[in-house]
Every structure is written in structure tokens, then in C-alpha cells.
Amino acid sequence: MEQINQALSDLLTRFKVQMKTDPATADRSLLQAGIQMLQEYVQISTILDSEIVHLGYTFCYWAGDRQGIVDLMTRYLAQPLSLQEEAWACWEQIDYLAALRQCEMAVGRQKEVLEWAKNYLPKDRLLWVMYDSTQALCWHEMGQGKEWLQIFEEIMSSVVSTPENREDRFQYLRTAAVMWNAQRETQEALKLVDRMHQLCNEETGWESRAAFKLKTYAYAITAWDHLKETEKIADIGRQARTLLEEMERILPDPMTPLQQHDLGIAYDDIGSSLFFAGCYESSIPLERRAIELVPLYEWIYLRLAAATWATSHNRTETLSILKQGAAVSHSGRLKLETRPEFTAVLEDKEFLKAAER
């Protein structure tokens, strides 16, 4: 077991070093070697070692093997686990079922896990069980959105608000807003945005306050886009950019890796919301800055390329961005077909080549 653990750790370390050095030339056969080793280990083992399972999860994540994660978590959950490990494995299993749009299974499992959590976990951990928007939208897809929202109200009213559960409460509020929008109840979604603002003001000295105010602005842009309130969106965008600049100005130089990551995600939160609202020109500088700070997220490159193509039709620049994104893509290609901005070039050989690693 120690040999397998060490071998997997070594493979993963080598891959991560290569990705940091140059994603375009990173040897992805290291990932497949790790997954093969993991599969052989699973086949011969009665009880899976937790460290090896977590390593296996990481290999599957980097390889874009969502079904592999579902299968691994399902196998892991067949053995006795600590509460913490069982909660983690359940959540990841449901999350990747939802990502694969296996919604009937995802909703069924989430209902089972919620009942389990009510019996074994503290009340505020129920927030964590239910707060993910990808998972929640499976309920909407299955025609059970109203039931999800009823569960949301029951859980939120039963949880005592504390600084420790503030971030989970925020995430749950945001997902509830997503669900109201999915139900075409935008005014209800905007009420949740107000509650998100109130949560951010619970404690002025909260270290993460600025980051969560930015997340609130990001979702507010999405909510107002449903009402096509372009002036309101532009105003929120300006407020968000001002806060981003202030947030970056007070950070140390150089930033810690965590500070750099969180700032990059904050830029993308606002940039992506503006992008999806059709504010391409406003989104471009924010997504560019996000890539400078967090260069390994393929979806940011796809949005930046789409916005660049939509605003300028600059082929050289767009292809360059796509090539950079393809280099860090988990699946090996950027999915041009998911963006309507690329509809006219879906059979363009240069675009297809640039979008593949």
C-alpha cells in the first residue's frame, strides 16, 4: 500500500511541476499511468486506503474523468468510513453525477444523503450538503425545483448563524437565487441578493468580506440580466471593478499563492457574469487579469476567446487564446460548440485545431 501511495504521489508531483512550467508540453500520460495504477489497486483491494482514494480523485480530476470519480466514490462508499470521509465521498459522488447530467441519480442520492446528514451531522453541515448550484439545477431539471426551495427554507430557518458557517450560508443563498431564476421568479432571486448583501455586512472586519461582496455583485449582474436592465448591470459592473481594484491594491507584493488564487477567482466571478450578460467589452480586461492570476482554468480562456471574437473578429488573437486554453484543458479540447459566439466557425479547421491540445 505504501508503495502504491508513493508511486501515485510521485507521478502527480511530476505532472504538477510540468503543468506549472509549461502546460502545453506537460506529459499527460502520467495521468493515465496513475489512473491505471489506481484501477488495478481497486480491483485487488477489499478495503481502500483513504490517501490513495484522494490521490485517485485528483488523477481523475486532472484527466477530466468524471465518470471515473463517480465510480471511485461509489466503490469507496461501499466500505465503513469516518463521518468526514463519508460526507466528502457522498458530496463528490453527487457533484459529478450532476456534472454528467445524470440528474435522476444525483437527486435521488442527494435526498438519501440529506436524510443521513440529518441523523449524523450538525445542523449547519446541512448547508454544505445542499448548497451547490450544479446539483440544485438537477432538481429543477427533474421538475422538483419547488421542493428544493422548500428544503432550503427549512434548513436556513433551523441553522443558527455563526461566523464559522457564514460562507456556507452565503453559498446556499446564492444557489437559492439561481433556483428562483430557474423558476423564472427574478424578483424572488433579487430578494436573495439583498440577503447576500446583508450577510456581507454582518461583520465589517470579516477577512473575506470584499471577496463575498464581489460574489454578490456577480450574481446581481446575472439576476438583473434576466430583466434586461442594462443600465443597472453597467452600474453594478462599475462598483465591482472599483472594489476589485481596491482589493488588489491592499494585497502584499508578492501575493501568497492563496491570495493570488482568490483574487483571480474574484476577477473571473465578475468577468464571467458580465460575459454571460453580453457585456463582452467589459468582461475582457477582467478575464485577462483572471488568467494572469490563475492560468490553469480552461473555461476562462474559452470565455475570453469568445468575447474577443464577438467584439473584434480578430482571428489571430482569438486562436492564440484558444491554444492557451487547450493546453490546460482537462479533456484535451475546448468545447467551442458550447458558445454561440463560435457558431459560424464550428467547421473552421484553424479554430478546431486551436481548440485541441
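Conventions we followed
Residues numbered from 1 in each chain as written. Predicted model: local features only at pLDDT ≥ 70, side-chain atom pairs only at ≥ 80, totals over all residues. Heavy atoms only, no water. Core = buried A, V, L, I, M, F, W, Y, C linked by side-chain atoms within 4.5 Å. Buried < 20%, exposed > 50% of the residue type's maximum accessible area, 1.4 Å probe, protein only. Helix = DSSP H or I, 4+ residues; strand = E, 2+ residues; numbered from the N terminus. Contact = heavy atoms within 4.5 Å. 1 Å grid on protein atoms, 1.4 Å probe; cavity = no way out; pocket = protein on both sides within 12 Å on 5 of 7 lines; lining within 4 Å. Points joined across faces, edges and corners; volume = space filled by probe spheres on them. Nonpolar A, V, L, I, M, F, W, Y, C, P; charged D, E, K, R; others polar. Salt bridge = Lys/Arg side-chain N within 4 Å of Asp/Glu carboxyl O. Phe/Tyr/Trp six-rings, centres within 6.5 Å; stacked < 30°, edge-to-face > 60°.

**Quick look at the nonpolar core**
Phase 1 of the analysis: Core analysis: the biggest nonpolar cluster contains 122 residues, and Trp148, Tyr172, Leu322 and Phe342 have the highest contact counts within it.
Phase 2 of the analysis: For this core, the leading source of residues is helix H5 (residues 83-99), giving nine residues.
Phase 3 of the analysis: If we ignore the near neighbours within four places in the chain, the residues touching tyrosine 172 are Leu127, Met130, Tyr131, Trp148, Ile151, Phe152, Ile155 and Met156.

**Description of the layout of surface pockets**
Phase 1 of the analysis: Approximately 650 Å³ is the volume found for the second largest pocket.
Phase 2 of the analysis: What lines the second largest pocket is a set of 22 residues, and nearest its centre among them are Lys20, Leu293, Val294, Pro295 and Leu296.
Phase 3 of the analysis: Elements that contribute at least two residues to the lining of the second largest pocket include exactly helix H1 (2-21), helix H3 (50-63), helix H14 (257-276), helix H15 (280-293) and helix H17 (315-328).
Phase 4 of the analysis: Partitioned by chemical class, the residues of the lining of the second largest pocket number 15 nonpolar, four polar and three charged.

**So, the pattern of salt bridges**
Phase 1 of the analysis: Under the criterion given, the structure shown has 20 salt bridges.
Phase 2 of the analysis: Residues aspartate 269 and lysine 215 are paired through a salt bridge, measuring 3.2 Å at the closest nitrogen-oxygen approach. In this pair, aspartate 269 is assigned in helix H14 and lysine 215 in helix H12 (residues 209-226), connecting sequence segments 54 residues apart.
Phase 3 of the analysis: Exposure remark for aspartate 269: the relative accessible area of 18% places this residue in the buried category.
Phase 4 of the analysis: Arginine 288 is the salt-bridge partner of glutamate 317, the closest N and O atoms lying 2.1 Å from each other. Linking glutamate 317 in helix H17 with arginine 288 in helix H15, this pair joins segments that are 29 residues apart in sequence.

**Observations concerning the packing of aromatic side chains**
Phase 1 of the analysis: Taken as a whole and assessed by the stated rule, the structure comprises 17 aromatic pairs.
Phase 2 of the analysis: An angle of 35° between the planes, with centres 5.9 Å apart, marks the rings of tryptophan 116 and tyrosine 120 as tilted. Of this pair, tryptophan 116 and tyrosine 120 both sit in helix H6 (residues 103-120), four residues apart, which is roughly one turn of that helix.
Phase 3 of the analysis: Residue tryptophan 116 is classed as buried on the basis of its relative accessible area of 15%.
Phase 4 of the analysis: Aromatic pair tryptophan 148 and tyrosine 172: ring centres 5.6 Å apart, planes at 85°, arrangement edge-to-face. With tryptophan 148 in helix H9 (residues 145-158) and tyrosine 172 in helix H10 (residues 166-182), this residue pair connects regions lying 24 residues apart in the sequence. For the pair tryptophan 148 and tyrosine 172, one class covers both residues: buried.
Phase 5 of the analysis: Members of the aromatic cluster, joined through ring pairs, are Tyr57, Tyr76, Trp88 and Tyr96.

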